[in-house]
Amino acid sequence: MAFDIETIRKQFPILNTSVNGRQLIYFDNAATTQKPKVMIDTLVDFYSNYNANIHRGIHSLANKATEAYEKTRQLIAQIYKVKPQQIIFTKNDTESINLIIQSLGKQILKNKKSNIVITEVEHHSNIVPWHLLRHEIDFEIRYLEFDENGILETDSLSRVIDRDTQFLSFTWASNTFGLIYDAKKIIRIARQLNPNIIVLVDAAQYVPHSIFDFQEIDADFITFSAHKMCGPTGVGILIGKKNLLEQMQPFLGGGDMIKEVSKYRTTFNDLPYKFEAGTPNIADVIAFGASLRYLLEIGFENIQAYEQELAQYLIDKIQELDFVDIYGTTHDTSRVIKLPILSFNVRGVHAHDVGHLLDEDGIAVRAGHHCTQLIMQKLRIPATVRASLYFYNTKSEIDAFIHSLKKIYDIFK
Ligand SMILES: Cc1ncc(COP(=O)(O)O)c(C=O)c1O
């Protein structure tokens, strides 16, 4: 499909909505993306025509639903070059991360000397589960720091990773800075420093824009959420190495994840079902398949090329405003790839006020700490405004956004 922005925009019904009397400008895509009609239609079709529980029925509807559910798993396996058994459906990225930490973390971090390494740019979903585990097990948490541009100091990996480091867990792209980090290089260095290290990559902000090859990246686990890539809410994805998934204890117990239950003992089902207890989010998994097919049809290379253009335009325009402070590098693009995600503050105006005033102009942004309080603490700011764009946004929307920022500054100056 040729990348035709007008055609693409028509495929997202919500983009026609008015907010406060203005045509919606949706710049909150890092929180959740909007949904194409083809995904919405798939949901309606499931509930209208073949709603049934999966894996248990012997009737036609159940078989059709099971087939459609498993088809999404097969598609994910094909895209990221893994086997379907390596893909676990959860309810979101957060649950995928918690599953690994609760299940494997508990098994591995038994030695008191153990440590794990995460980074200062992590979303809370890759910090808090480690804190929770520390209520039960004693281990050290070490941090890879970021520099004044928001870039991870990979040269310091050798200072934080040693023979007692059991896990390295980091985000592939920062939801606050909009920077993509070099996951492959980080993993290569980590494995040189400790060949036994287990690596978890939080790809929540990376996958909406790019495809990866699971083997090539050489992570042990990669996690993400469907809703950040044109999919429905309520579906998380966990991709893992088979040997590790086999060795892990289930995270939740119940129906579908068992082989046999006796009075005092349970044997578990094969992968991936061992980790999918209870009725899963059938409709949304099926609809996520439609989102993925839609994205593939547009082409991730087309999405990236267009987004790079948008990102550059946004940066150029906002840098013309001398009353705006920008966080995360905006100039040295030779060292980093910048997503069309930008954190900033209007000098002298609280981020929440900027957010509210933009909303009055129909522009949806996020204002706050973006679940990255460690970043805010290090930058000594309470909050930022975050404009996060996706492939259906346009340069004229950026112009309207810049115009609103100027108006806001004029009110407060
Ligand atoms: C980098 C990153 N990790 C994890 C998450 C959590 O995703 P979810 O809320 O879908 O579980 C987010 C959400 O914004 C994120 O940006």
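These numbers were taken from a predicted model, which means no experiment stands behind them. (Residues numbered from 1 in each chain as written. Predicted model: local features only at pLDDT ≥ 70, side-chain atom pairs only at ≥ 80, totals over all residues. Heavy atoms only, no water.)

Draft legend 1. Geometry of the overall build of the protein chain. Counting its regular elements, the protein chain contains 14 helices and 19 strands. Computed over its C-alpha atoms, the radius of gyration of the protein chain comes to 22 Å, within 12% of the 22 Å expected for a compact globule of 413 residues. Judged by the C-alpha coordinates and their principal axes, the protein chain covers about 70 × 55 × 35 Å. Each of the 413 residues in the protein chain was classed as buried or not, and the buried ones make up 57%. Looking at the protein chain alone, contacts between residues at least 24 apart form 71% of all its contacts between residues at least 6 apart. Carbon together with sulfur atoms contributes 49% to the accessible area of the protein chain, which is approximately 17700 Å² in total. Put simply, the protein chain has 44 plus and 49 minus side-chain charges, and the middle of one group is 5 Å from the middle of the other. (Helix = DSSP H or I, 4+ residues; strand = E, 2+ residues; numbered from the N terminus. Rg over C-alpha atoms; globule rule 2.2 N^0.38 Å. Buried < 20%, exposed > 50% of the residue type's maximum accessible area, 1.4 Å probe, protein only. Contact = heavy atoms within 4.5 Å. Areas by Shrake-Rupley, 256 points an atom, 1.4 Å probe, with all protein chains shown as cover. Lys, Arg positive; Asp, Glu negative; His and termini not counted. Charge placed at Lys NZ, Arg CZ, Asp CG, Glu CD.)

Draft legend 2. Local environment of the sheet that holds strand β16 (residues 341-346). The strand order β14-β16-β19-β18 describes an open sheet built from 4 strands, whose pairing is antiparallel. This sheet does not close on itself; its edge strands, each paired only once, are β14 (324-327) and β18 (366-368). Taking the axes of each pair of neighbouring strands and ignoring which way they run, one obtains an average angle of 30° across the sheet. Relative to strand β19 (residues 384-388), β18 runs antiparallel, the two being bridged by 3 bridges. Directly across from Ala367, in β19, lies its bridge partner Val385. The strands touched by helix α12 (residues 351-360) are β16, β18 and β19; relative to β19, the strand with the most contacts, the crossing angle is about 40°. (Pairing = 2+ DSSP bridges. Axes fitted to C-alpha atoms, helices over the stretch in contact; angles between N-to-C directions.)

Draft legend 3. Representation of the packing of helix α2 (residues 37-50) against helix α10 (residues 282-298) within the structure. The interhelical angle for the contact between α2 and α10, taken along N-to-C directions, is 145°, at an axis separation of 8 Å. In this structure, the crossing between α2 and α10 has a hand that is right-handed. Only Ile282, Ala283, Asp284, Ile286, Ala287, Ala290, Ser291 and Tyr294 of α10 make contact with α2, whose side of the interface consists of Val38, Met39, Thr42, Leu43, Phe46, Tyr47 and Tyr50. Among the residues making up the contact of α2 with α10, the classes are represented as 12 nonpolar, 2 polar and 1 charged. (Left-handed = near helix turned anticlockwise from the far one by under 90°. Nonpolar A, V, L, I, M, F, W, Y, C, P; charged D, E, K, R; others polar.)

Draft legend 4. Inspection of the site of the ligand at higher detail. Surveying the vicinity of the ligand reveals 14 residues, the closest of which are Thr94, Asp202, Gln205, Ser225 and Lys228. Asp93 has a polar backbone atom sitting 3.4 Å from an oxygen atom of the ligand. Measuring from a nitrogen atom of the ligand, one finds a side-chain N or O atom of Asp202 at 2.5 Å. (Near = heavy atom within 4 Å. Polar contact = N/O pair within 3.5 Å; in protein donor to acceptor, adjacent residues only side chain to side chain.)

Draft legend 5. Highlighting the pattern of salt bridges. According to the stated counting rule, one finds 24 salt bridges in the structure shown. In this structure, Arg22 engages Asp361 in a salt bridge whose closest nitrogen and oxygen atoms are separated by 3.3 Å. Here Arg22 is found in strand β2 (residues 22-23), whereas its partner Asp361 is found in the loop between α12 and β17 (363-364), with 339 residues between them in sequence. On the basis of relative accessibility, which here comes to 39%, the residue Arg22 falls in the partly exposed class. Accessibility expressed as a relative area gives 10% for Asp361, which makes it buried. Linking Asp162 and Arg142 is a salt bridge whose minimum nitrogen-to-oxygen distance equals 2.9 Å. (Salt bridge = Lys/Arg side-chain N within 4 Å of Asp/Glu carboxyl O.)

Draft legend 6. Quick peek at the domain arrangement of the protein chain. Domain boundaries assigned for the protein chain yield domain 1 (5-30 + 300-412) and domain 2 (42-294). Once you take the C-alpha centre of each, domain 1 and domain 2 turn out to be 28 Å apart. Counting from both sides, the interface comprises 32 residues of domain 1 and, opposite them, 30 residues of domain 2. For the pairing of domain 1 and domain 2, the buried interface totals around 2800 Å² over both sides, and the portion due to carbon and sulfur atoms is 60%. In terms of surface lost to domain 2, no three residues of domain 1 exceed Phe300, Leu339 and Lys378, which account for 21% of the buried area on that side. At the boundary of domain 1 with domain 2, the tally comes to 2 salt bridges. Across the contact surface, domain 1 and domain 2 share 17 residue pairs in polar contact (both at pLDDT 80 or more). Looking at the side of domain 1 that touches domain 2, the elements that each hand over two or more residues are α11 (300-319), β15 (337-338), β16 and α13 (373-379). The greatest single-element share of the side of domain 1 that touches domain 2, amounting to 6 residues, is contributed by α13. Across the side of domain 1 that touches domain 2, the residue classes break down as 17 nonpolar, 10 polar and 5 charged. (Domains from an automatic or database assignment. Buried area = accessible area lost by both parts, 1.4 Å probe.)

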